Amino acid sequence: MAGISTHILDTGSGAPAAGVEVKLETQNNDIWEAVGQGITDADGRISALASTGSNLKKGVYRLTFMTGDYYQRISLPCFYPEVVVMFEVSDDRHHHVPLLLSSYGYSTYRGS
């Protein structure tokens, strides 16, 4: 199966959000199991949280973005210290989950 990637755009500054820790987990019954983690690069991207060929299983996943540390580092207020995005993998396509972020809001969608 294909992999999972993400990127973060800080819509308040219009720039990528670099240096944000992101964790990827999958749900196994009522337990969340770690699958991958990373830190966004200078372009706000993590290209391989779960890479192609990692035998990604169908099921429910969640990405946790540690946004509080990012906003503390750039000296701005932050209403959401973590952003959690849950989604379902149900096919073999690559799953790209972008995050559009500001200090008082966020939005996400399935990217390509």
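Structure's up top.
Residues numbered from 1 in each chain as written. Predicted model: local features only at pLDDT ≥ 70, side-chain atom pairs only at ≥ 80, totals over all residues. Heavy atoms only, no water.

Undergrad: So what's going on with a nonpolar patch on the surface? Residues and values would help.
TA: A cluster of nonpolar side chains, namely Phe79, Tyr80, Tyr104 and Tyr106, defines an oily patch on the protein surface of about 450 Å² accessible area. Inspection of the secondary structure puts Tyr104 in the loop between β9 (99-102) and β10 (105-108). (Patch = residues over 30% accessible without salt bridge, like charges linked within 9 Å, V, L, I, M, F, W, Y side chains within 5 Å. Areas by Shrake-Rupley, 256 points an atom, 1.4 Å probe, with all protein chains shown as cover. Salt bridge = Lys/Arg side-chain N within 4 Å of Asp/Glu carboxyl O. Helix = DSSP H or I, 4+ residues; strand = E, 2+ residues; numbered from the N terminus.)

Undergrad: Tell me what's going on with the nonpolar core, and back it up with residues and numbers.
TA: The biggest cluster of nonpolar side chains holds 22 residues, and the ones touching the most others in it are Ile4, Ile8, Val22, Leu24, Leu63, Phe65 and Phe87. When residues of this core are traced back to their parent elements, those giving at least two are β1 (4-10), β3 (21-28), β5 (45-50), β6 (59-65), α1 (67-73), β7 (83-89) and β9. The biggest single contributor to this core is β7, with four residues. Apart from the residues lying within four places of it in its own chain, the contact partners of Leu24 are Ile4, Glu33, Ala34, Val35, Gly36, Leu49, Ala50, Tyr61, Arg62, Leu63 and Phe87. (Core = buried A, V, L, I, M, F, W, Y, C linked by side-chain atoms within 4.5 Å. Buried < 20%, exposed > 50% of the residue type's maximum accessible area, 1.4 Å probe, protein only. Contact = heavy atoms within 4.5 Å.)

Undergrad: Just give me the short version of unusual backbone geometry, but keep the residues and values in it.
TA: Positive phi values are uncommon outside glycine, yet Asn29 reaches one of about 60 degrees. Along the chain, Asn29 turns up in the loop between β3 and β4 (31-39). Even without being glycine, Ser75 reaches a positive phi, approximately 55 degrees. Tracing the sequence through the fold places Ser75 in the loop between α1 and β7. Given a relative accessible area of 65%, Ser75 falls into the exposed group.

Undergrad: Break down the pattern of salt bridges for me, citing the residues and quoting the values.
TA: Counted under the stated rule, the structure contains four salt bridges. One salt bridge connects Arg62 with Glu25, and the closest N-O pair in it is separated by 2.7 Å. Of this pair, Arg62 sits in strand β6 while Glu25 sits in strand β3, placing them 37 residues apart in sequence. When its relative accessible area of 21% is taken as the criterion, Arg62 is described as partly exposed. Between Asp91 and Arg110 there is a salt bridge, with the nearest N and O atoms lying 3.9 Å from each other.

Undergrad: Hey, could you go over the pairing of β9 for me, with residue numbers and the actual values?
TA: Residue alternation in β9 divides its side chains into a buried set, Leu99 and Leu101, and an unburied set, Leu100 and Ser102. In the sheet, β1 pairs with β9 via three bridges, with the strands oriented parallel. Directly across from Ile8, in β9, lies its bridge partner Leu99. With antiparallel pairing between neighbouring strands as the criterion, β9 and β10 make up a hairpin whose turn holds two residues. (Pairing = 2+ DSSP bridges.)

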